[in-house]
Amino acid sequence: MEGFDDSTYGDAFADVYDDWYADVTDVDATVACTLDLAGTGGRVLELGVGTGRLALPMAMAGLTVTGIDSSAAMLAVLAEADSARAVDAHLGDMVDDLPGADFDVALAAYNTFFNLLDAERQQACFRSVADRLRPGGRFIVEAYVPELAISVGSNVSVRSMTTDRVVLSVSQHDPDEQRASGQFVEITEAGGVRLRPWAIRWATPGQLDEMGERAGLRLEARWADMAGATFDADAAQHVSVYVR
């Protein structure tokens, strides 16, 4: 999408993210999973920390949390939280700007990893994460399974509608490039039109495994969700745990 860069998504969605995506993943299960892998007081690096939807509960559970996000608008929302000081938040991208080293766990929650828009950047992210994990540290990647959800061409649908507000979803899908992009078009009686663009480059679980291997990370476990449900051929999403 022309004009789309690392900060575009976060800047466009910061004011609605917590409302629109509060249920995109199970927060309690994510915290429990991360705590189990990192241990109490363990050091966690969250990629795409955003508004702190996951980072703040992880910190309150006793984890030492560092987060990075390319959107200043997202981090501004995080900074307004009462417990914001519990998270060491950094502005930057999740390839070239990852802070620190010797983390017990790195986390890329639901589809965050797919915000890297080409295979080279995704591979570079695996390498950057591997460099910052302690020996035995884990990288958790949560994402949808594209084999079950690949679309072709364009699509327009209604996301939500009230008497004074309509949100349309407009998207394009290119399976050859493994890319999808779109706009949420928000139309309100009082405020006119607001565009909220997004773009992803998806990868299959097998492709992610190959990236991990090239970066020195081995697939340790794969579940259908953060609660550890069995991953099988019918699973619509996966949680993959890679170990250094």
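In case you missed it, the structure is sitting above this.
Residues numbered from 1 in each chain as written. Predicted model: local features only at pLDDT ≥ 70, side-chain atom pairs only at ≥ 80, totals over all residues. Heavy atoms only, no water.

We now examine the environment of Pro 99. Tracing the sequence through the fold places Pro 99 in the loop between strand 3 (87-91) and strand 4 (103-108). Under the relative-accessibility criterion, Pro 99 is labelled buried at 13%. For the pair Pro 99 and Ser 128, spaced 29 residues apart in sequence, the C-alpha separation works out to 9.9 Å. Contacts of Pro 99, omitting those with residues within four sequence positions, involve Leu 45, Thr 66, Ile 68, His 90 and Arg 132. (Helix = DSSP H or I, 4+ residues; strand = E, 2+ residues; numbered from the N terminus. Buried < 20%, exposed > 50% of the residue type's maximum accessible area, 1.4 Å probe, protein only. Contact = heavy atoms within 4.5 Å.)

Next up on the list: the sheet that holds strand 7 (residues 165-174). The four strands are arranged 6-7-8-9 in an open sheet whose pairing can be described as antiparallel. Strands with a single pairing partner mark the edges of an open sheet, and in this sheet they are strand 6 (153-162) and strand 9 (192-201). Geometrically, the sheet is characterised by an average inter-axis angle of 15° between neighbouring strands, direction not taken into account. In this structure, strand 7 lies alongside strand 8 (residues 179-188), joined through ten bridges in antiparallel fashion. When the sheet's bridge partners are listed, Val 170 is paired in strand 8 with Gln 183. (Pairing = 2+ DSSP bridges. Axes fitted to C-alpha atoms, helices over the stretch in contact; angles between N-to-C directions.)

With respect to the helices, strands and loops of the structure, Asp 69 is situated in strand 2 (residues 64-69). Although Asp 69 is buried, it forms no salt bridge, and the closest oppositely charged side chain is Arg 53 at an N-O distance of 11 Å. A polar atom in the side chain of Asp 69 sits 3.4 Å from the backbone nitrogen of Val 49. Within the structure, Asp 69 has its side chain in polar contact with the backbone nitrogen of Gly 50 (distance 2.8 Å). (Lys, Arg positive; Asp, Glu negative; His and termini not counted. Salt bridge = Lys/Arg side-chain N within 4 Å of Asp/Glu carboxyl O. Polar contact = N/O pair within 3.5 Å; in protein donor to acceptor, adjacent residues only side chain to side chain.)

The strand order 3-2-1-4-5-11-10 describes an open sheet built from seven strands, whose pairing is mixed. Every other strand in the sheet has two partners, leaving strand 3 and strand 10 (218-223) as the edge strands with one partner each. Geometrically, the sheet is characterised by an average inter-axis angle of 20° between neighbouring strands, direction not taken into account. Sheet topology note: the strand 2/strand 3 ladder contains five bridges and is parallel. Note on strand 3: the bridge partner recorded for Thr 66 is Asp 88. Together, strand 2 and strand 3 form the strand contacts of helix 5 (residues 72-79), whose direction differs from that of strand 3 by roughly 160°. Relative to strand 5 (residues 133-144), helix 6 (residues 119-132) is tilted by about 145°, and along the sheet it contacts strand 1 (43-47), strand 4, strand 5 and strand 11 (237-243).

Here we come to unusual backbone geometry. You will see that Asp 102, though not glycine, has its phi angle at about 60°, which is positive. On the secondary structure map, Asp 102 appears in the loop between strand 3 and strand 4. Its relative accessible area of 48% is what places Asp 102 among the partly exposed residues. Not every positive phi belongs to a glycine, and Asn 111 is a case in point at roughly 65°. With respect to the helices and strands, Asn 111 occurs in the loop between strand 4 and helix 6.

Attention now goes to the pattern of salt bridges. According to the stated counting rule, one finds nine salt bridges in the structure shown. When the shortest N-O distance is used, the salt bridge between Asp 93 and Arg 121 registers 3.6 Å. With a gap of 28 residues between them, Asp 93 in the loop between strand 3 and strand 4 and Arg 121 in helix 6 connect regions that are remote in the sequence. Residue Arg 121 is classed as partly exposed on the basis of its relative accessible area, which comes to 23%. In this structure, Arg 222 and Asp 209 form a salt bridge, with 2.5 Å as the shortest nitrogen-oxygen distance. Of the two residues, Arg 222 sits in strand 10 while Asp 209 sits in helix 7 (residues 205-214), which places them 13 residues apart along the sequence. When its relative accessible area of 16% is taken as the criterion, Asp 209 is described as buried.

On to the packing of aromatic side chains. Inspection of the entire model under this criterion finds eleven aromatic pairs. Aromatic side chains Tyr 9 and Phe 13 sit 4.5 Å apart centroid to centroid with 25° between the ring planes, which places their arrangement in the stacked category. With a gap of four residues between them, Tyr 9 and Phe 13 both fall in helix 1 (residues 8-13), about one helical turn apart. A centroid spacing of 5.2 Å and a plane angle of 75° characterise the contact between Phe 126 and Phe 139, whose relative ring orientation is edge-to-face. (Phe/Tyr/Trp six-rings, centres within 6.5 Å; stacked < 30°, edge-to-face > 60°.)

What follows concerns the layout of surface pockets. The volume enclosed by the largest pocket comes to roughly 1,200 Å³. Taken together, 50 residues line the largest pocket, and the ones lying closest to its centre are Tyr 9, Tyr 110, Asn 111, Asn 115 and Ile 200. Elements with a minimum of two residues in the lining of the largest pocket: helix 1, strand 2, strand 7, strand 8 and strand 9. It is strand 7 that contributes the most residues to the lining of the largest pocket, four residues altogether. (1 Å grid on protein atoms, 1.4 Å probe; cavity = no way out; pocket = protein on both sides within 12 Å on 5 of 7 lines; lining within 4 Å. Points joined across faces, edges and corners; volume = space filled by probe spheres on them.)

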